[in-house]
Amino acid sequence: MPAYKIDHIGVAVASIDGALSAYAALGLHPVHREEVAGQRVRTAFLPVGSSSIELLEPTSEDSPVAKFLAKRGGGVHHICFAVEDIDATLRHLAGLGFRLIHPSPVPGSRGKRVAFLHPESADGVLIELSQETPEGRP
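Our subject in this report is the structure included herewith. Worth saying up front: this structure is predicted, and the values here are computed from it rather than measured.

What counts, and where the lines are drawn
- Residues numbered from 1 in each chain as written.
- Predicted model: local features only at pLDDT ≥ 70, side-chain atom pairs only at ≥ 80, totals over all residues.
- Heavy atoms only, no water.
- Helix = DSSP H or I, 4+ residues; strand = E, 2+ residues; numbered from the N terminus.
- Rg over C-alpha atoms; globule rule 2.2 N^0.38 Å.
- Buried < 20%, exposed > 50% of the residue type's maximum accessible area, 1.4 Å probe, protein only.
- Contact = heavy atoms within 4.5 Å.
- Areas by Shrake-Rupley, 256 points an atom, 1.4 Å probe, with all protein chains shown as cover.
- 1 Å grid on protein atoms, 1.4 Å probe; cavity = no way out; pocket = protein on both sides within 12 Å on 5 of 7 lines; lining within 4 Å.
- Points joined across faces, edges and corners; volume = space filled by probe spheres on them.
- Nonpolar A, V, L, I, M, F, W, Y, C, P; charged D, E, K, R; others polar.
- Phe/Tyr/Trp six-rings, centres within 6.5 Å; stacked < 30°, edge-to-face > 60°.
- Lys NZ or Arg CZ within 6 Å of the ring centre and 35° of its normal.

## Section: the overall build of the protein
Scanning the protein from terminus to terminus reveals three helices and eight strands. For the protein, whose C-alpha radius of gyration is 15 Å, the value lies close to the compact-globule estimate of 14 Å for 138 residues. In terms of its C-alpha atoms, the protein occupies a principal-axis envelope of roughly 45 × 35 × 25 Å. The proportion of buried residues among the 138 residues of the protein is 44%. Sequence-distant contacts, at least 24 apart, represent 54% of the contacts inside the protein between residues at least 6 apart. Counting every atom, the protein has about 7,400 Å² of accessible surface; 55% of that belongs to carbon and sulfur.

Structure (structure tokens):
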């Protein structure tokens, strides 16, 4: 059940296109863009070694990322850890008393199954768990 790598670091931005110049100056360029309707965001993934930076742009004013931007401004939104068995990991964490935003995995970007832990369970850090799926199917 342990996390085996940092899958990505999510960064909330008002505009993906507006934010890209800072990353391009570091030689980072998006390799995947997607709209995740269930989370009400557009995403762009910029690979860095075996991990990525995920830029998150809200698609509605009531999305969690829009609320984050309104409250805190742009910046690091979450850290995502890759796990091999997200269902077992969620059961394990729930058994330890962690507060889960998603008690069961939901479809995420790039065809992954994802779930978030409430920041109250991790000293204010929003943690996402993700699991690769065969052929990108949640």
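## Focus: the layout of surface pockets
Any empty space left between the atoms is revealed when a probe the size of a water molecule rolls over them. Approximately 630 Å³ is the volume attributed to the largest pocket. In this structure, the largest pocket is lined by 30 residues; those nearest its centre are P64, V65, H77, F116 and L126. Taken together, the elements giving at least two residues each to the lining of the largest pocket come down to β3 (41-48), β4 (51-58), α2 (64-72), β5 (75-82) and β7 (113-117). Here the element with the most residues in the lining of the largest pocket is α2; it accounts for six residues. Among the residues forming the lining of the largest pocket, the class breakdown is 14 nonpolar, 10 polar and six charged.

## Considering the packing of aromatic side chains
Taken as a whole and assessed by the stated rule, the structure comprises zero aromatic pairs. Lying over the aromatic face of F45, R110 brings its terminal NZ or CZ to 3.7 Å of the ring centre.

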